[in-house]
Amino acid sequence: MTRHALRRYALRLVSLVTALGLWQLLTGLDVDIWLRFSQFPTVTDVAHAFAGRLTGSDYWTDLTDSLTRILAGFLLAAVLGVAVGVLVSRSRLAEDLLGPVLEVVRPIPAIALVPVAILLFPSNEQGIVFITFTAAFFPVLVSTRHAVRALTPVWEEAVRTMGGGRWRILGSVVLPGALPGIFGGLSVGIGVSWICVISAEMISGQYGVGYRTWQDYTVVDYPGVFVGMVTIGVLGWVTSTAVELLGRRLTRWLPRTSYVPGGRSRSAVLPAPASARVPVVVKAEGDDSQYQSDAQQQGSGETEQEARDEHLV
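Conventions and cut-offs
- Residues numbered from 1 in each chain as written.
- Predicted model: local features only at pLDDT ≥ 70, side-chain atom pairs only at ≥ 80, totals over all residues.
- Heavy atoms only, no water.
- Salt bridge = Lys/Arg side-chain N within 4 Å of Asp/Glu carboxyl O.
- Helix = DSSP H or I, 4+ residues; strand = E, 2+ residues; numbered from the N terminus.
- Buried < 20%, exposed > 50% of the residue type's maximum accessible area, 1.4 Å probe, protein only.

Draft legend 1. Highlighting the pattern of salt bridges. Counted according to the given criterion, the structure contains 10 salt bridges. The closest approach of N and O atoms between Arg 212 and Asp 62, which form a salt bridge, is 2.7 Å. Taken as a pair, Arg 212 in helix H9 (residues 209-218) and Asp 62 in helix H3 (residues 57-90) lie far apart in primary sequence, 150 residues in all. Salt bridges here are not isolated pairs; linked through shared partners, they connect Arg 53, Asp 216 and Asp 221.

This is the structure in structure tokens:
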């Protein structure tokens, strides 16, 4: 591990310790300056409650139930969101048939569909998975749709020129090219899924981290409430990090941008393919005008390219 990486991890640790220390200071001194920190449990109270929960079976049962719900709903949303996003962006018929319905349903908050889930599904478990699926489905759908539509048509035309069909274009151009956008939607979707699954557990669940957190609030067990909040935050961070790491691994072929302190960010430049290299112009005797014209065109093209590069930077 490099010195720069160690410095970054040290800064993150200092940030976390500072936040915990400030929390302990404000709650321990019962500070009431507009915000009533005297009503909050201290860090030590939450730590003692957390240690007590770890030794019981209910905590691990709630943890398992919440993870099962979130994984089932999120995986279903990932598959269907990518499939529908590609279909809508590649087919005008699918866009005309599905687009209006999706755009009408998309602005509705997933948590507002809890009454619908209660009426529609025979069990609360299926209803909570449905809420989780709905929360993650639309971020994945929208990101996939925009990523596919943003692909340059030159790639698709190149595959068609080499005799590739529709499925070859889908597997070698559309899905690989849209992967960065797809994983952006998945990263957003997993976070929204945690928000909605906890809310659904509070409303209609029987087990789960959200259900236990709400029960602790009803019996005025505030340290237990904060144990649930910390658990939700850690679970959300772990799952979101797992999605991001998977996305980086599947898109290793992309050029990465490296941060340069005190300067501009630099990205790795891929070598140009042989077909894109400028051909060598051979000067023939008595053909000075043609040579100068070609050189001027080449210089003009390089100037325009440099201007575009400078604009992008």
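Draft legend 2. View of unusual backbone geometry. Of note in the backbone geometry, Asp 30 takes a positive phi value of approximately 55° without being a glycine. Along the polypeptide, Asp 30 turns up in the loop between helix H1 (3-28) and strand E1 (32-33). Residue classification places Asp 30 among the partly exposed positions, given a relative accessible area of 45%. Even without being glycine, Val 220 reaches a positive phi, approximately 60°. Along the chain, the position of Val 220 falls in the loop between H9 and helix H10 (222-250). Among the residues examined, Val 220 registers a relative accessible area of 55% and is labelled exposed.

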